[in-house]
Amino acid sequence: MLRRHHRHPEAVESAARLGAECAFDLTLVAPNLPPFPVPEGHTEHSWLRELTMRGAREKYGSREDPRLPEAYATIEKELELITRLNFPGYFLIVAEIVDFCRRSGILCQGRGSAANSAVCYALGITAVDAVQHRLLFERFLSDGRAGPPDIDLDIESRRREEAIQFVYDRYGREFAAQVANVISYRPRSAVRDAARAFGYDVGQQDAWSKGIERWGNLRGAGPVTPWWHGDPAITGRPVPASAEAGAADRAASDRAASDRAASARAASARVPAPREKGVDPHDPAPPRNAPASAQEIGEIPDHVIDMAEQLLRLPRHLGIHSGGMVMCDRPVIEVCPVEWATMPGRTVLQWDKDDCADAGLVKFDLLGLGMLTALRLAFEHVAEREGTVLTLHSLPQEDPAVYALLQSADTVGVFQVESRAQIATLPRLKPTCFYDIVIEVALIRPGPIQGNSVHPFIRRKNGQEEVVYLHPLLKPALEKTLGVPLFQEQLMQIAIDVASFSATEADQLRRAMGSKRSMEKMEALRERLLQGMADNGISRSVAEQIFDKLRAFADFGFPESHAFSFGYLVYASTWLKAHHPEAFYAGLLGAQPMGFYSPSSLVADARRHGVVVRRACVASSRVHAHVETREPAEGGTADLSADPTTPPDGVRGLVPRPTFARETWLEDRARLASTDPTSGTWDATDLDGGADPDRDLDGDLDLDSDSDRDGDPDDPTSDRGSDRSDTPDVGTPHPRRAYAVRLGLAPIRGIGERTAERIVAVRQEAPFVDAADLAHRARLTSTQLEALATAGALRSFGGSRRQALWTAGALAGEAGRSHATSSGVWVQEVLAGTTVGTAAPALPEMGAVEIAVADVWASGVSPEHHPTHFVRPRLGQQGVRPVSSLVSVPDGTRVEVGGVVTHRQRPGTARGVTFLALEDETGMLNVVCSAGLWARHRRTAVRSRGLVVRGTVERTDGVVNLLADGMRTLSLSVATSSRDFQ
């Protein structure tokens, strides 16, 4: 600029000075936190000290004789830094929110780096004892930080709104608001809106957007088509004015799409690298490789892709941050514009979290966690049925039953360790103590996978590899993880041990090496680190290796404090499944939607363990699933009062059931033999039922014939108005259990929580006499009555489901007619007993398949049978094996397995590999699909609810995978759902 304005050099300097004077500094409007109300005679500093010391005496004992000698010294050091940085108010506000949750019976715990603080532990914000576990406080708070620490509170999702409203009520709506979240266009949403702009119907929009897989792009490396010119010489064809383009244009588009698809298949047929001997290459996945783009797949027209590509990363709409709230000492609107949220009782900023941070607004994260809701519900069920009061941190520690369940990978529904990757790792890691759970939580993360830390740690844990250190000074920091770095705190400890860094300097090193790394800061710290190592006698070559490993490790290190916080929830959920399975499953079903598995998969897992799941019933169900006492076995006495002091007859605990165990297959074979005689011959010496390598796998397999839908009066699963489904599968050899899970009314289609609460409330006044009484008193519409009838929830009134549906149709007006008036809604009630046509004629019974279809349509769950149960005989005749039978199949054997697809996953670290979770009535199987196979069978793999997969059995340390080489559709009458690419 000086060279350009050389005649007036003062102009440049004057312009820069003028610009600096006109610049607006956001720190001018940066607010403080609202003053915290403290008792008379106290300041925020003294009141924080008082509350902390009260908690310390409870947790550590007296100062004169503490449980941990260094506890009070650590607390004093932390309090001194908190006071110096003027953050007492921040800690008091968080502690008050936690105390509100505790007083209200809401499960809540701090997560993340807050667990590094002994003050947070003493205040009850976190359950992790930072002193006992020797966690670095500076990872949480240090002199080098410009703002307050980050404390995330996990609050049970169903009651999180109560905590949010508490903050509004406590500090005033003018001084508190929620943080916005700017939602930007991603490939799916961009394609959907672009297709809408071109006039395509909603069904086509959804079909195209759902066809884009996770990590998929809109187009590959080719140039962007300049569709906006509308020049055939440029675009290759004119752009249609609407979705109703000419037939010739559509034909040309189809031919182009076919060519692109062929190119995609050729480009995608990549051969995976050879596997390392003794290592399972599928879990964790190899490095990332994106799937074929939308253009390569060839299903979406070019002009839609071009428009969508222009939308990518542009803001689409404003949402609400998942849990962020800000509080100010002045009206928030003086700092940032505020608007009413769609949800009643909420106000939201028009800035996102980064904007709030720039303006100096302090954000509190109140995050919803479904597992906390499930645990609270499970604790309530145990207290109600057994009279035992459980809390999150009062459970027996180091329970062998917990580790037996984890080692068998029987963890469907268990927090954090229920995913495909975790289930495949648990049998190899073999957890035997709580710290093993902490490591398991941290191990299966993108960072450790990319950092090649998973397999070395497992090998060292199992004694297959020697534990070595680059230098003896690294041992104190890495000894507990067997020389393999996993946690961010270890990076800091290494800097302290090998280079004599202070804790504050170590935190600066961690942040400098983080995702927003600064080359200047890194270079300065590098010289400081190398000099410190030299002063401690470490050679230059070893020091360089240590620095390089630290720099690589900084990208993926997981916070140890976070892993500890989640580890407690893993332990608690596993303990409940082992000792109170009915309460465990009822809690999970009552907390939906949450977790990795659908309600259908959770019920199937319960059924495989012998847990009885009963249908919803208007006479006995509550709003959500609950535990009820089963009638005693023959010769026993009925426990009609459900008195917890009188234990019912039956088994309570749960025996681990590994899918791929000899005992599991023997049990499944006995059960399947009652409906599929061919299954009884499958054992380790009979492999004739394996897959035919030359068999055609392109056709669909339709096994639900009309004969399966006919009602059978002698069939125990036929629709006879039974009140329960205590025998989920004929021939199940499980012992009789003491309790059962009763499904709730709210999940039934069209019912919801409000209507379910109304049904339960009027039922408590007086039992329902008949369906007319139910419709009249609960004010149900004909649609709601029909849904209840379809779900079998009206069976307590007698008759079959078809008869209940007939009655529901006749009771359409029983709830009366509503009339809006100036003073509210007036209901014109129907005279009781005036409805005609409610007596149903003799109607044929529903068959087993029809019952399952009705159950799934109405409630999403079939309590009695898995969808594959109805096709098992014919699958057996064709040599298609049950999942658990693979325990008897040698490694490398080619087989066919059929089941329902519950998950489709392609992790970001995968090398184009896609994983399918295939479930049948015996268990779940991980299916590995190479990039070439996926490109060849993509339409079938993405769109089919059920699949028969042919492949080779791979077995590593007790973990069984199926390396697929072919697949075809398995048609199922019972609807299913899957969780895809999440």
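The structure displayed is predicted, hence computed values, not measured ones.

It is worth spelling out the overall build of the protein at this point. If you tally the helices and strands in the protein, you get 36 helices and 19 strands. The buried share of the protein, reckoned over its 982 residues, is 53%. A fraction of 74% describes how many contacts in the protein between residues 6 or more apart in sequence connect residues 24 or more apart. Counting only carbon and sulfur atoms, one obtains 52% of the accessible surface of the protein, whose full area is about 42400 Å².

Next up on the list: the pattern of salt bridges. Scanning the model with the defined rule gives 45 salt bridges in all. Residue D129 pairs with R67 through a salt bridge whose shortest N-O separation is 3.0 Å. Placement of D129 in the loop between α5 (118-123) and β2 (152-156) and of R67 in the loop between α2 (44-60) and α3 (71-84) is noted, with a sequence separation of 62 residues between them. By relative accessible area, which is 42% here, R67 ends up partly exposed. D329 serves as the salt-bridge partner of R330, at 3.5 Å between the closest nitrogen and oxygen. Its relative accessible area of 25% is what places R330 among the partly exposed residues.

Let us now look at the pairing of strand β15 (residues 914-920). Burial within β15 is extensive, with seven of its seven residues counted as buried. On β15, burial covers both faces: T914, L916, L918 and D920 on one face and F915, A917 and E919 on the other are all buried. For strand β14 (residues 894-905) and β15, the ladder comprises five bridges, and the chain directions are antiparallel. Counterpart to R904 in the pairing with β15 is L916. Direction of pairing for β15 relative to strand β16 (residues 923-929): antiparallel, over a ladder of seven bridges. Bridge pairing links L918 to L925 in β16. Taking the residues between adjacent antiparallel strands as the criterion, β15 and β16 are bridged by two residues.

A few words now on α2. With 17 residues, α2 should cover 24 Å at 1.5 Å per step; its first-to-last C-alpha distance of 23 Å lies within 8% of that length. All of the buried residues along α2 are W47, L48, T52, M53, G55, A56 and Y60. Where α2 terminates, the next one or two residues include G61, which has phi positive at roughly 90 degrees.

All right, on to the packing of aromatic side chains then. Using the criterion set out here, one finds 15 aromatic pairs in the structure. Centre to centre, the rings of F584 and Y585 are 5.2 Å apart; their planes meet at 70 degrees, and the pair counts as edge-to-face. R173 extends its terminal NZ or CZ atom over the ring of Y168, reaching a point 4.2 Å from the ring centre. Between the NZ or CZ atom of R526 and the centre of the ring of F547, over which it lies, the distance is 5.6 Å.

The subject of this paragraph is the packing of helix α15 (residues 400-407) against helix α25 (residues 560-579). Remark: α15 packs on α25, axes separated minimally by 9 Å, with the N-to-C direction vectors making an angle of 95 degrees. With respect to α25, the element α15 is oriented roughly perpendicular. Each of A401, V402, Y403, L405 and L406 in α15 lies in contact with α25, whose residues at this interface are Y571, T574, W575, K577, A578 and H579. Within the contact of α15 with α25, the residues separate by chemical class into eight nonpolar, two polar and one charged.

For α3, which comprises 14 residues, the first-to-last C-alpha distance of 20 Å matches the rise-based estimate of 20 Å (1.5 Å per residue) to within 8%. Of all the positions in α3, only A71, Y72, I75, E78, L79, L81 and I82 are classed as buried. In this fold, the buried residues of α3 make contact with α2, α4 (88-103) and α5. One or two steps after α3, the chain reaches N86, where phi turns positive at roughly 60 degrees.

To continue, consider the packing of helix α17 (residues 434-443) against α25. At a minimum axis distance of 8 Å, the contact between α17 and α25 shows a crossing angle of 115 degrees. Classified by the interaxial angle, the pair formed by α17 and α25 is roughly perpendicular. Viewed along their axes, α17 and α25 form a crossing whose handedness is right-handed. From α17, F434, Y435, I437, V438, V441 and A442 reach across to α25, where they touch E560, A563, F564, F566, G567, Y568, V570 and Y571. Split into classes, the residues belonging to the contact of α17 with α25 amount to 12 nonpolar, one polar and one charged.

With respect to topology, three strands assemble into an open sheet ordered β8-β11-β9, the strand pairing being mixed. Each having just a single partner strand, β8 (612-614) and β9 (626-629) make up the two edges of the open sheet. Across the sheet, the axes of successive neighbouring strands diverge by a mean angle of 40 degrees, strand direction being ignored. Pairing of β8 with strand β11 (residues 739-742), which is carried by three bridges, proceeds in the parallel orientation. Looking at the pairing, R614 lines up with R742 of β11.

Omega for the bond connecting Q592 with P593 falls within 30 degrees of zero, at 0 degrees, which places this linkage in the cis form. Topologically, P593 is positioned in the loop between α26 (581-590) and α27 (599-608). Residue A409 is not a glycine yet carries a positive backbone phi of 60 degrees. Position of A409 among the secondary structure elements: in the loop between α15 and α16 (420-429). Taking relative accessible area as the criterion, A409 reaches 15% and is therefore assigned buried.

Moving on, we get to the pairing of strand β18 (residues 959-971). Of all 13 residues in β18, 10 are buried, a share of seventy percent or more. Inspection of the sheet shows strand β17 (residues 946-956) paired to β18 by 10 bridges, in the antiparallel sense. Bridge pairing in β18 places T956 opposite V959. Remark: two residues form the turn of the hairpin made by β17 and β18, two consecutive strands paired antiparallel; D957 in that turn has positive phi of roughly 50 degrees.

Let us look at the environment of A424. On the secondary structure map, A424 appears in helix α16. Along the backbone, A424 and N961 are 537 residues apart, and their C-alpha atoms lie at a distance of 9.0 Å.

Bringing the confidence of the model for the protein into the picture now. Overall, the predicted model of the protein reaches an average pLDDT of 78, with 77% of residues at or above 70. Least confident of the elements in the protein is helix α9 (residues 232-235), whose mean pLDDT is 37; most confident is α26, at 94. For the stretch residues 678-733, pLDDT sits under 50, and the model shows 134 contacts to residues farther than four places along the chain or on other chains.

A few words on the environment of L92. Residue position: L92 is located in helix α4. Look at L92 and you get buried, because its relative accessible area is 2%. Each C-alpha atom, one on L92 and one on H45, is 9.4 Å from the other, the two residues being 47 residues apart in sequence. The residues touching L92, leaving out its near neighbours within four places in the chain, are F36, E44, W47, L48 and L51.

Basis of the calculations
- Residues numbered from 1 in each chain as written.
- Predicted model: local features only at pLDDT ≥ 70, side-chain atom pairs only at ≥ 80, totals over all residues.
- Heavy atoms only, no water.
- Helix = DSSP H or I, 4+ residues; strand = E, 2+ residues; numbered from the N terminus.
- Buried < 20%, exposed > 50% of the residue type's maximum accessible area, 1.4 Å probe, protein only.
- Contact = heavy atoms within 4.5 Å.
- Areas by Shrake-Rupley, 256 points an atom, 1.4 Å probe, with all protein chains shown as cover.
- Salt bridge = Lys/Arg side-chain N within 4 Å of Asp/Glu carboxyl O.
- Pairing = 2+ DSSP bridges.
- Expected span 1.5 Å × (residues − 1).
- Phe/Tyr/Trp six-rings, centres within 6.5 Å; stacked < 30°, edge-to-face > 60°.
- Lys NZ or Arg CZ within 6 Å of the ring centre and 35° of its normal.
- Axes fitted to C-alpha atoms, helices over the stretch in contact; angles between N-to-C directions.
- Parallel < 35°, antiparallel > 145°, perpendicular 65-115°, else oblique.
- Nonpolar A, V, L, I, M, F, W, Y, C, P; charged D, E, K, R; others polar.
- Left-handed = near helix turned anticlockwise from the far one by under 90°.
- pLDDT = per-residue confidence, 0-100.

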